[in-house]
Amino acid sequence: MKRFTPLASKIMSRILGHPAMAQAASSTEMLAPEEIIPIPPVKMDDSQREKVTRTEERTSFAAEWAKIDGRPDARHQPTMRYEFEHVLATPDGFFSSTFGYNAWGRLDLAPLMKSRIAEVDHGFHGLRAIGTRYFGHWLMDCLPTTRLRRPGEALFFPTPKTWPHARSYHELFGLDPLEHDYVYFDRLTFCDDIGKNSHLGARLLDMRREVQQASGNDRRRLVYFRRGDTGIARTITNEDALSNALAARGFEIVDARADLDVILRACSKAEMIVSMEGSHFANCILPADTDTRFVIINPADRFCNIWSDYLGLLGGRMGTVVAEKDGDGYRVDIPHLLDFADRMMQG
């Protein structure tokens, strides 16, 4: 019957309504209060704005222009710990017979019907739903959440096997997640940890120190983190020319397919990191430093500045240039980018 828990939760939620987490939880604890922490602006030349044609699908022009302009009164949600009883945890959410939370889209029942369901007394659910879809959120939002796990709680942290660097992060941070994607827990802890508050900031800074220490690199570098054709297609049609131009300026060219230790060593305490926007860029943020300059190449039709959300906590300065659509990819205005990078370094 445990396999049918998600279906039961859906039916009962329609009949009884869907309770808030605090109502369904057996215990609730606030770990950090709501805070106002300023988020600095993203540097962008006015001439670039007219090149933007669309935003990434999960955001809006209003939200992105607000990030460009800076948010001095950015309000960040509290960090909450909830404990639930008798729930089935899956990569697509966790469910009891009367509620379901942390879901993304429709639950895929086929693997649930075929997979073994492990049974564990007490566990910790380390994932937000978005962390199973986007590597950047897995790294920057979900990995820090695992640090809220208490002794005796088994870690439920299913990770897509197609993400080449995820296992290396498990090893780097000493994670020991359960091997099962479907687990029935007598008690399950889940932390609502979405707010970019100082509690999250402290955990991210601890992780940064561990990454920098593991990299063993104290040499300041200029880095071009080359995305190539990895992830969702954002191919730069003149990337070879861009790489050559940056290399001539002293940039080290690092491929997004490189082993994680190569990436972290190159980006550790870097002076500047240039890269196409995308989840791969999350690999650059933790090893960077409080004064690192980040230059994001934004696709004209997928404009997004998600990484600015972390600057209020981790420091650094971010700027962006727009790459216009060019066939199936995007073309970078190389002279503009080089001039922009020079100005970023100066100010």
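Before reading further, recall that the structure is shown in the block above.
Keep in mind that what you see is a predicted model, and the values were worked out from it rather than measured.

## Notes on the pairing of strand 14 (residues 317–326)
Across seven bridges, the pairing between strand 13 (residues 293–299) and strand 14 is parallel. Residue pairing in the sheet places Ile296 in a bridge with Thr320 of strand 14. As defined by bridge partners, strand 14 adjoins strand 15 (residues 329–331) across three bridges and the pair is classed as antiparallel. Paired with Glu324 across the bridge in strand 15 is Arg331. Turn length for the strand 14-strand 15 hairpin, with the two strands adjacent in sequence and antiparallel, is two residues, and the turn residue Gly327 shows positive phi of about 65 degrees.

## Some points on the sheet that holds strand 12 (residues 272–276)
Ordered by their spatial adjacency, six strands build an open sheet running 11-10-12-13-14-15, and the pairing between neighbours is mixed. Unpaired on one side and paired on the other, strand 11 (252–255) and strand 15 mark the two borders of the sheet. Going across the sheet, the axis of each strand differs from the next one's by a mean of 30 degrees, ignoring polarity. Strands in contact with helix 9 (residues 239–248) are strand 10 (222–226), strand 11, strand 12 and strand 13; relative to strand 10, the strand with the most contacts, it is inclined by about 170 degrees.

## Some details on the side chain of Thr292
Along the chain, Thr292 turns up in the loop between helix 11 (282–285) and strand 13. Residue class for Thr292 comes out buried when judged on its relative accessible area of 0%. Within the local environment of Thr292, its side chain forms a polar contact with the backbone nitrogen of Asp289, the two atoms lying 2.8 Å apart. Setting aside residues no more than four positions away along its own chain, Thr292 makes contact with Lys269, Ala270, Glu271, Met272, Ile273, Gly316 and Arg317.

## Re the environment of Ile117
Positionally, Ile117 belongs in the loop between helix 5 (109–114) and strand 7 (118–125). Ile117 gets classed as buried once you look at its relative accessible area, which sits at 15%. Along the sequence, Ile117 and Asp181 sit 64 residues apart, while their C-alpha atoms lie 8.0 Å from each other. Not counting residues up to four positions away in its chain, the partners in contact with Ile117 are Lys2, Arg3, Leu88, Leu112, Tyr182, Val183 and Tyr184.

## A few points about helix 10 (residues 260–267)
The α-helix advances 3.6 residues per turn, and as a result positions three or four apart in sequence lie on the same side. Within the span of helix 10, buried status applies to Leu260, Ile263, Leu264, Ala266 and Cys267. All buried residues of helix 10 lie within an arc of 165 degrees about the axis, which places them on one face of the element. Just downstream of helix 10, Lys269 is the residue with a positive phi angle, here 60 degrees.

## Quick look at unusual backbone geometry
Positive phi, close to 55 degrees, is recorded for His86, a residue that is not glycine. Structurally, the position occupied by His86 is in strand 4 (residues 79–90). With relative accessibility at 44%, the residue His86 sits in the partly exposed group. Here the phi dihedral of Lys269 falls at roughly 60 degrees; this positive angle occurs in a residue that is not glycine. Structurally, the position occupied by Lys269 is in the loop between helix 10 and strand 12.

How each quantity is defined
What you see as residue numbers is a count from 1 along each chain, following the sequence as written. In keeping with the model being predicted, local features are shown solely for residues with a pLDDT of at least 70 and side-chain atom pairs are shown and tallied solely at 80 or more, while totals for entire chains, interfaces and linings include all residues. Only heavy atoms go into the side-chain values, all of them from the structure, while hydrogens and water stay out. Between any two strands, at least two bridges found by DSSP are needed for them to pair. Secondary structure elements are defined from DSSP: runs of H or I of at least 4 residues count as helices, runs of E of at least 2 residues count as strands, and each element is numbered from the N terminus. Helix axes are fitted to C-alpha atoms over the stretch in contact, other axes to C-alpha atoms as well, and angles between N-to-C directions run from 0 to 180 degrees. By definition in these notes, contact holds between two residues if any of their heavy atoms fall within 4.5 Å. For every residue, the accessible area obtained with a 1.4 Å probe (protein chains only) is divided by the maximum for its type, and the residue is called buried under 20%, exposed over 50%, and partly exposed between those limits. Pairing of N or O atoms within 3.5 Å defines a polar contact, subject to two protein rules: one partner must be a possible hydrogen donor and the other a possible acceptor, and residues neighboring in sequence count only if both atoms are side-chain atoms. The arc under discussion is defined with respect to the helix axis, by the directions toward the C-beta atoms.

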